[in-house]
Structures are given as C-alpha cells and as structure tokens.
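# Coordinate inspection notes
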Amino acid sequence: DAKTTQPPSMDCAEGRAANLPCNHSTISGNEYVYWYRQIHSQGPQYIIHGLKNNETNEMASLIITEDRKSSTLILPHATLRDTAVYYCIVRVAIHTGANSKLTFGKGITLSVRP
Amino acid sequence: DGGITQSPKYLFRKEGQNVTLSCEQNLNHDAMYWYRQDPGQGLRLIYYSQIVNDFQKGDIAEGYSVSREKKESFPLTVTSAQKNPTAFYLCASSIAGQGNYGYTFGSGTRLTVV
C-alpha cells in the first residue's frame, strides 16, 4: 500500500470548516483513499473513502486532486466532538491475504476550540 | 444491533501471566484483525484472519497468539514472552475481499501489566 503523509496536528474554531490535508504521492491507480478518525480511548471510526471523484456523506467531504497525489478531508462545521485523531490511508479495494490489512500511521490530531 | 464487542474494557495482570482478550462480532464478517496502540502512536497490526481456522502474523506478532475456531470470535492471548504488553488493544472486522466496506472496530481493551 502507498504511504501517506499528514501534518501532526491542526486546530480550528468551532463552527468553522476543518480542512485536513493528506499527501499520497505514490498512490497507484487501483488504490482508494480512506479516512478514519479515533476519539480518545475509542476504536477508530470509518468516515469516508474515494477513488478519484470527490465524495460527500453525512459526516464529511473528501476532495481528491486530479493527479490523486493528495486529498483533503473537510468537516464543514466542526464541533467540539470532532476533536480526534484523523487517519488517512490508501489501499486497494479488492484485496486478499496481506493486502487486506489497513496500515495506520500516526494521523493528524484535530483540536476544535470553542 | 450488529457490532463488534471487546471485553473487558480494562484488564490488569501480573507480569509473567498469560492473558486472553476477547473479541466477538455479529456482523457476519469474514475477516478479523488485532491491533495494538501505544500512547501517541498509530495502530500496529498483530494478527489477522481471513477465514475460520486460518490466520496470519502481522507486523508485531511476537509474544502473541490467536485462534479462529468460529467466524464470530477471534481471541488474542498476550503471553509472558511479550516484553511490553501494557497497551491499548483494538479488534476489527471487515468483509473479506471488499475493502470499500471499511473496517468496524471494537471499543478496545486497555491492558496494564504490573
């Protein structure tokens, strides 16, 4: 799986949009971009994934650049409950054996301030 | 409701004792995974299993053992050979071969060895 690079931390004001960047310059054509988040002392939670088109769901939006070498997770109206570690991961969609595992880096710590 | 259950949430053991962490899922997922998380670090894969009676070592399998006798259950034993067992342990499951469904994580077990 391609590796990802995320800044270690960022903060934003409550009610404002939080834009979390991720670089994945070695991503392959068949690899998807996934985002998970982990609130303190809980298991990670799936947020969203995409291949090349922008995606939106009830939690967030995912913007992938045209060359697919980077992406941005957008939380449109951040709340205090969005304070968490956010992981950006790339992986092939159809996988068996060793390709089935998700590899988590250190992620980016988002702090939402009142 | 379908989900993945880890028990207990907190576990204390004396050094030199083996301890088994429970992970049960009723999502009918084929694949199950065990991760370890240390403070300020990402998740590291210990073991994973794609089908019943089959499992593979992850990146840090030394000092751990698993079994997969039932589809629903994937217990992890932390043996006395594990030099630094104190950590947060996370179990996850997914539909094998279809990464787009993402992983479902349990709420974790915090193991402290004294």
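Residues numbered from 1 in each chain as written. Chains lettered and ligands numbered in written order. Predicted model: local features only at pLDDT ≥ 70, side-chain atom pairs only at ≥ 80, totals over all residues. Heavy atoms only, no water.

## Describing the overall build of chain A
For chain A, the helix and strand inventory stands at zero helices and nine strands. Counting only C-alpha atoms and orienting by the principal axes, one finds that chain A spans roughly 45 × 30 × 25 Å. A burial count over chain A gives 46% of its 114 residues as buried. In chain A, 59% of the contacts between residues at least 6 apart in sequence involve partners at least 24 apart. Taken as a whole, chain A presents about 5800 Å² of accessible surface, with 50% of it coming from carbon and sulfur. (Helix = DSSP H or I, 4+ residues; strand = E, 2+ residues; numbered from the N terminus. Buried < 20%, exposed > 50% of the residue type's maximum accessible area, 1.4 Å probe, protein only. Contact = heavy atoms within 4.5 Å. Areas by Shrake-Rupley, 256 points an atom, 1.4 Å probe, with all protein chains shown as cover.)

## Examining the state of the cysteines
Residues and elements named next belong to chain A. Per the stated rule, a full pass over the model turns up two disulfides over all chains. Between Cys22 and Cys88 runs a disulfide, and the two sulfur atoms are separated by 2.1 Å. One quick way to see it: the torsion about the S-S bond of Cys22 and Cys88 is about -85°, and its sign makes the bridge left-handed. Taken together, the positions of Cys22 in strand S2 (residues 18-23) and Cys88 in strand S8 (residues 84-92) put the pair 66 residues apart, joining distant regions of the chain. (Disulfide = S-S within 2.5 Å.)

## Concerning the pairing of strand S3 (residues 31-38) of chain A
Residue and element names in this part refer to chain A. Burial runs high along S3: eight of the eight residues are buried. Every second residue of S3 is oriented toward a common face, with Glu31, Val33, Trp35 and Arg37 on one face and Tyr32, Tyr34, Tyr36 and Gln38 on the other, all of them buried. Of the strand pairs in this sheet, S3 and S8 are connected by eight bridges, and their pairing is antiparallel. Bridge pairing in S8 places Arg37 opposite Tyr86. Summarising the sheet, S3 and strand S4 (residues 45-50) pair through five bridges and their orientation is antiparallel. In the strand pairing of S4, Tyr36 is matched with Tyr46. (Pairing = 2+ DSSP bridges.)

## Quick notes on the environment of Ser94 of chain B
Residues and elements named next belong to chain B. Counting through the fold element by element, Ser94 comes out in strand S9 (residues 87-94). Spatially, the C-alpha atom of Ser94 lies 22 Å from that of Arg110, the residues being 16 residues apart in sequence. Ignoring sequence-local partners within four residues, the contact set of Ser94 consists of His29, Asp30, Ala31, Tyr33, Gly102 and Tyr103.

## Regarding the sheet that holds strand S8 (residues 76-78) of chain B
Residue and element names in this part refer to chain B. With respect to topology, four strands assemble into an open sheet ordered S1-S3-S8-S7, the strand pairing being antiparallel. Of all strands in the sheet, those with a lone pairing partner are strand S1 (4-7) and strand S7 (64-66), marking the two edges. In this sheet, neighbouring strand axes are inclined to one another by 20° on average, regardless of whether the strands run parallel or antiparallel. (Axes fitted to C-alpha atoms, helices over the stretch in contact; angles between N-to-C directions.)

## Examining the confidence of the model for chain A
For chain A, the average pLDDT comes to 90, and 91% of its residues sit at 70 or higher. Ranking the elements of chain A by mean pLDDT puts S8 of chain A last, at 90, and strand S6 (residues 61-64) of chain A first, at 98. (pLDDT = per-residue confidence, 0-100.)

## Thoughts on the pattern of salt bridges
Under the counting rule described, the total for this entry stands at five salt bridges over all chains. When salt bridges that share partners are traced, they join Arg36, Asp38 and Arg44 of chain B into one network. (Salt bridge = Lys/Arg side-chain N within 4 Å of Asp/Glu carboxyl O.)

## Some words on the nonpolar core
Ranked by internal contacts, the top residues of the largest apolar core, which has 22 residues, are Leu20, Trp35, Leu73, Tyr86 and Leu110 of chain A. For this core, the leading source of residues is S8 of chain A, giving four residues. With residues up to four places along the chain from it excluded, the contact list for Leu20 of chain A reads Met10, Trp35, Ser71, Thr72, Leu73, Tyr86, Ile108 and Leu110 of chain A. Among the nonpolar cores identified, the runner-up in size contains 20 residues, and Ile60, Tyr64, Tyr89 and Leu111 of chain B belong to it. (Core = buried A, V, L, I, M, F, W, Y, C linked by side-chain atoms within 4.5 Å.)

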